[in-house]
Amino acid sequence: MNAILEIFPWNDNFAIGIPEVDSQHKRLVQLLNGLASSLVFDSDHIDLNNLFDELAEYAVYHFQTEENLLHQFLTDDPWEIGNKKSQERYIAEVTKLKS
């Protein structure tokens, strides 16, 4: 696939100031845009499955990074708990879309 559709272009306003998390967010945006491009430009079923899998796997990796940071600085804070639930909904939605 050569054409890229940026449905969600990255800009520095999305940066939170934690380099590791910002670079992971950028990668998630790249993966989302790659998936959108594949859907629009009619990639085959195997490519789409691989892209969904890569997005889900990277999201789990990223969420673990976030959880570690939140737990380190905001243990048992409502924001930590809410973020975990949000991550679970995200993974469920990606899995549902893949199906």
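Refer to the structure above for everything that follows.
What counts, and at which threshold
- Residues numbered from 1 in each chain as written.
- Predicted model: local features only at pLDDT ≥ 70, side-chain atom pairs only at ≥ 80, totals over all residues.
- Heavy atoms only, no water.
- Helix = DSSP H or I, 4+ residues; strand = E, 2+ residues; numbered from the N terminus.
- Expected span 1.5 Å × (residues − 1).
- Buried < 20%, exposed > 50% of the residue type's maximum accessible area, 1.4 Å probe, protein only.
- Contact = heavy atoms within 4.5 Å.
- Axes fitted to C-alpha atoms, helices over the stretch in contact; angles between N-to-C directions.
- Parallel < 35°, antiparallel > 145°, perpendicular 65-115°, else oblique.
- Left-handed = near helix turned anticlockwise from the far one by under 90°.
- Nonpolar A, V, L, I, M, F, W, Y, C, P; charged D, E, K, R; others polar.
- Salt bridge = Lys/Arg side-chain N within 4 Å of Asp/Glu carboxyl O.

## What about helix H2 (residues 45-73)?
Thought 1: With 29 residues, H2 extends 42 Å between its outermost C-alpha atoms, agreeing within 8% with the 42 Å of an ideal straight helix rising 1.5 Å per residue.
Thought 2: Restricting attention to buried positions, one finds in H2 the residues Leu48, Leu51, Phe52, Leu55, Tyr58, Ala59, His62, Phe63, Thr65, Glu66 and Leu70.
Thought 3: Looking at the packing, one finds that the buried side of H2 touches helix H1 (19-40) and helix H3 (78-98).

## Remarks on the packing of H1 against H2
Thought 1: As a packed pair, H1 and H2 sit with axes 10 Å apart at the nearest point and diverge in direction by 160°. On the basis of their axis angle, the class for H1 and H2 is roughly antiparallel. Considering how the two elements wind past one another, H1 and H2 form a crossing that is left-handed. Across from Glu20, Val21, Gln24, His25, Arg27, Leu28, Leu31, Leu32, Gly34, Leu35, Ser38 and Leu39 in H1, the residues of H2 making contact are Leu48, Leu51, Phe52, Glu54, Leu55, Tyr58, Ala59, Tyr61, His62, Thr65, Glu66 and Leu69.
Thought 2: The class makeup of the residues in the contact of H1 with H2 is 14 nonpolar, 6 polar and 4 charged.

## A closer look at the pattern of salt bridges
As a working rule, side chains carrying opposite charge can pair if their charged atoms are close by.
Thought 1: For the structure shown, the criterion picks out 2 salt bridges.
Thought 2: Among the salt bridges present, the one from Arg27 reaches Glu54, with a minimum N-O distance of 2.8 Å. Here Arg27, found in helix H1, pairs with Glu54, found in helix H2; they are 27 residues apart in sequence, far enough to count as distant.
Thought 3: What makes Arg27 partly exposed here is its relative accessible area of 29%.
Thought 4: We classify Glu54 as partly exposed; its relative accessible area is 34%.
Thought 5: Between Glu67 and Lys84 there is a salt bridge, with the nearest N and O atoms lying 3.4 Å from each other. Of the two residues, Glu67 is situated in helix H2 and Lys84 in helix H3; the sequence distance between them amounts to 17 residues.
Thought 6: On the basis of relative accessible area, Glu67 is assigned to the partly exposed category, the value being 22%.

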